[in-house]
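# Structural description and commentary
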Amino acid sequence: MTETLISEDRATARHLRGWLAYAFASEVFAVVGLSVFLPICLEQFARDNGYLLPDKTVRCTSAAGLVAAADELRCAVKIGWVWIDTASFSLYVFSTSVALQALTVISMGGIADHPPHRKPLLLFFAYLGSTCAILFFVISSSSPVWPVVGLLACGANVGFGASLVAMNSYLPSLARESKEVRKAWDALQHHRQQADVDGGITITTATPEEAYHAAISRSTSKISAFGIALGYIAGIVLLFCTVVPVAKLHSSTFALRLAIGMSGVWWAVISIPAGLWLPSGSALKIVEGADLQVHDGAPWSFRREVLAAWARLGQMLRWREIKRLRNTFWYLSAWFLLSDGFSTITSTAVLFGKTAIHMPSSELILVGALAPIGGIVGSLVWPVVQRWIGWSDLRMIKLFVVLVSFIPLYGCLGFLPIFRDGHLPFGGLTTPGEMYGLAFIFGLMYGAFQSYSRSLFSFLIPPGEESRWYGLYSITDKSSSFIGPLIVGLISDVTGSIRNAFFFLTVLMWISLPLLSHVDVLRGKEDAISYIEERQTGLRREGEYVEIPVEDGEESL
């Protein structure tokens, strides 16, 4: 018995190291690539090939000094037969990549739910994304095929987002493998058995039930927060490593390409230990809420799973399903707006600093570093604050939404003449110093927001269908997150100023609050458990079977 427990603890530690290793690997690309260098690199590629409006005869690069001194001068590039703002080019590419990511995530949900394919799927998309990032080394802005960087950006973003779906599907099982949760589960089982002996009298059943679910909540939040903090640390380290080459190369396009390529190399190399340590199969304990996979007896195939994933999505979005899991869908509706708002702020922040405040790339690196530094601080501070004030995860999320909404609202003050005309030395997000401060404040809340959001959603999904519902979680994220950059790009194209998008972002954050107010987490968890139990009962009546994956060496039940 003792040897078995030691073996289980070692396996648990190995699985957790694998999950954290991939967070350490992939989050670097999110911090260094997606948040900082990819937006400004795409804009710089377009600028190197663009012309000043309205005449479209003077190259943007030959008038760099004028552009830095005059806000009214705009740079546009011709893509095909359409002229678009160089900042909008970056936003349109990002929007397209997110839309492709959503399609990919929908298609792969069923494959990630198949235990033998979960890790291969994660690694495939990890190396697709990292390879696309590394290829930025070889494409220069003077190349006649420079628009290919848009395709590479799409491939990198698709690989990153799709691999995170497979990564997140491990989170519930990792939480249940922790010592604290296993101990709480044993106590709950003992209590239930004692209740049976006593003739079904369960006067205090709620106490061990609540202790078990609270243990899962703490374990899930702890793992999620630690993974995000670890990824942020890795991103900050690589950001500071890029300061010297970017400064030495005077923020050239090559320096930006170099930084993106370095993030791809990091991603690829650190994914190796993640691939070695993550479990190859389901490796889940057969406990309450462990993964249960329902099959119809047909042989597994890639094509069948892709088609079935789209069919399941249609079934998941039927009105009957929405009514049965109403709290889950209230939360997803709010997440649809919030993920768009947060990701759009992230994707446009450095573009705003570059085009509106005219900050050089070396200063934008500091902006990019301050956000994850704030994220690390937030991941440590907010749980303490939560325990002190006794708030639920849902109330904490509402707090973050309100606080973050003041950032774009503050940027709207830049239209006031007192700030716009320079009557005051700062205010309305018109100086680099304000960018530094708001980047840290945003990160302080964004990292915690990600952790709390992912943790809260784990309570609202049917047990045994983690990949499918985390897939819908990601689909909801990605299907909305391409809308924000698209609208911001259109606003920038039409008005000539990216600052006008702050009004859109403020409203986007505020209208999510009424949706969050409809979410009842405890009722949502009960509905999710009842939902899967009803499905399993219905399938058994139809003569189908439920497959319970077990670890190697365990006996089937």
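The present account deals with the structure reproduced in this document. A quick note: this is a predicted structure, and the numbers were derived from the prediction, not measured.

### With respect to the packing of aromatic side chains
Scanning all chains against the criterion turns up 20 aromatic pairs. When the ring of Tyr-331 is compared with that of Phe-457, the centres are 6.1 Å apart and the planes differ by 20°; the resulting orientation is stacked. Remark: Phe-457 occurs in helix α16 (residues 432-457) and Tyr-331 occurs in helix α12 (residues 326-355); sequence separation between them is 126 residues. Of the two residues examined, Tyr-331 and Phe-457, each falls in the buried class. We note Arg-17 situated over the ring of Trp-277; from NZ or CZ to the ring centre the distance is 5.2 Å. It is Arg-59 that lies over the ring of Tyr-51; its NZ or CZ is 5.0 Å from the centre.

### What about the state of the cysteines?
Here, the word disulfide means a covalent bond between the sulfur atoms of two cysteines. A complete count under the given rule lists one disulfide for this structure. Each sulfur of the disulfide joining Cys-60 and Cys-75 lies 1.8 Å from the other. Note on the Cys-60 and Cys-75 pair: the S-S dihedral is about 105°, so by sign convention the disulfide is right-handed. Remark: Cys-75 occurs in strand β2 (residues 75-79) and Cys-60 occurs in the loop between β1 (51-52) and α2 (64-69); sequence separation between them is 15 residues. Of the two residues examined, Cys-60 and Cys-75, each falls in the buried class. With no disulfide of its own, Cys-154 lies closest to Cys-132 among cysteine sulfurs, the gap being 9.2 Å.

### Quick look at the sheet that holds β1
Strand order in the open sheet made by the three strands is β1-β2-β3, with antiparallel pairing throughout. Taken across any chain shown, the strands that pair with only one partner, and hence form the sheet edges, are β1 and β3 (82-85). Pairing of β1 with β2, which is carried by two bridges, proceeds in the antiparallel orientation. Along β2, the bridge assignment pairs Leu-52 with Cys-75.

### Some points on the packing of α12 against α16
Viewed as axis vectors pointing N to C, α12 and α16 meet at an angle of 155°, and their least axial separation amounts to 12 Å. For the element pair α12 / α16, the angle class is roughly antiparallel. The way α12 lies across α16 gives a crossing that is left-handed. Within the contact between the two elements, α12 uses Thr-328, Tyr-331, Leu-332, Trp-335, Leu-338, Phe-342, Ile-345, Thr-346, Ala-349, Phe-352 and Gly-353 and α16 uses Met-435, Phe-442, Tyr-446, Phe-449, Ser-453, Leu-456 and Phe-457. Among the residues forming the contact of α12 with α16, the class breakdown is 14 nonpolar, four polar and no charged.

### Topic: the nonpolar core
Formed by 135 residues in total, the largest nonpolar core has its most connected members in Trp-19, Phe-37 and Tyr-331. Leaving out residues up to four positions away in the same chain, Trp-19 has contacts with Met-167, Tyr-170, Leu-171, Leu-174, Ile-223, Ser-224, Gly-227, Leu-278 and Arg-454. Membership of the second largest hydrophobic core comes to seven residues, among which are Ala-184, Trp-185, Ala-215 and Ile-216.

### Observations concerning the side chain of Ser-141
Considering the arrangement of structural elements, one finds Ser-141 in the loop between α4 (115-134) and α5 (148-168). On the basis of relative accessibility, which here comes to 14%, the residue Ser-141 falls in the buried class. A polar side-chain atom of Ser-141 sits 3.0 Å from a polar atom in the side chain of Asp-48. Beyond its immediate sequence surroundings of up to four residues, Ser-141 is in contact with Phe-45, Asp-48, Asn-49, Trp-146 and Thr-253.

### Looking at the environment of Ile-322
Following the sequence through the fold, Ile-322 ends up in helix α11 (residues 319-324). Assessed through its relative accessible area of 22%, Ile-322 is described here as partly exposed. Ignoring anything within four residues of it in the chain, the contact list for Ile-322 reads Met-316, Leu-317 and Phe-329.

### As for the side chain of Thr-253
With respect to the helices, strands and loops of the structure, Thr-253 is situated in helix α9 (residues 253-277). Judged by its relative accessible area of 10%, Thr-253 is buried.

### Focus: the pattern of salt bridges
The full count for this structure, using the stated rule, is six salt bridges. Notably, a salt bridge pairs Glu-321 with Arg-318, separated by 4.0 Å at the nearest N-O pair. In this structure Glu-321 comes out as buried when scored by relative accessible area, which is 5%. Owing to a relative accessible area of 38%, Arg-318 belongs among the partly exposed residues under this scheme. Taken together, the salt bridges that share partners define one network made up of Arg-318, Arg-320, Glu-321 and Arg-324.

Basis of the calculations
- Residues numbered from 1 in each chain as written.
- Predicted model: local features only at pLDDT ≥ 70, side-chain atom pairs only at ≥ 80, totals over all residues.
- Heavy atoms only, no water.
- Phe/Tyr/Trp six-rings, centres within 6.5 Å; stacked < 30°, edge-to-face > 60°.
- Helix = DSSP H or I, 4+ residues; strand = E, 2+ residues; numbered from the N terminus.
- Buried < 20%, exposed > 50% of the residue type's maximum accessible area, 1.4 Å probe, protein only.
- Lys NZ or Arg CZ within 6 Å of the ring centre and 35° of its normal.
- Disulfide = S-S within 2.5 Å.
- Pairing = 2+ DSSP bridges.
- Axes fitted to C-alpha atoms, helices over the stretch in contact; angles between N-to-C directions.
- Parallel < 35°, antiparallel > 145°, perpendicular 65-115°, else oblique.
- Left-handed = near helix turned anticlockwise from the far one by under 90°.
- Contact = heavy atoms within 4.5 Å.
- Nonpolar A, V, L, I, M, F, W, Y, C, P; charged D, E, K, R; others polar.
- Core = buried A, V, L, I, M, F, W, Y, C linked by side-chain atoms within 4.5 Å.
- Polar contact = N/O pair within 3.5 Å; in protein donor to acceptor, adjacent residues only side chain to side chain.
- Salt bridge = Lys/Arg side-chain N within 4 Å of Asp/Glu carboxyl O.

Everything listed is a geometric property; what it means functionally is a separate question.
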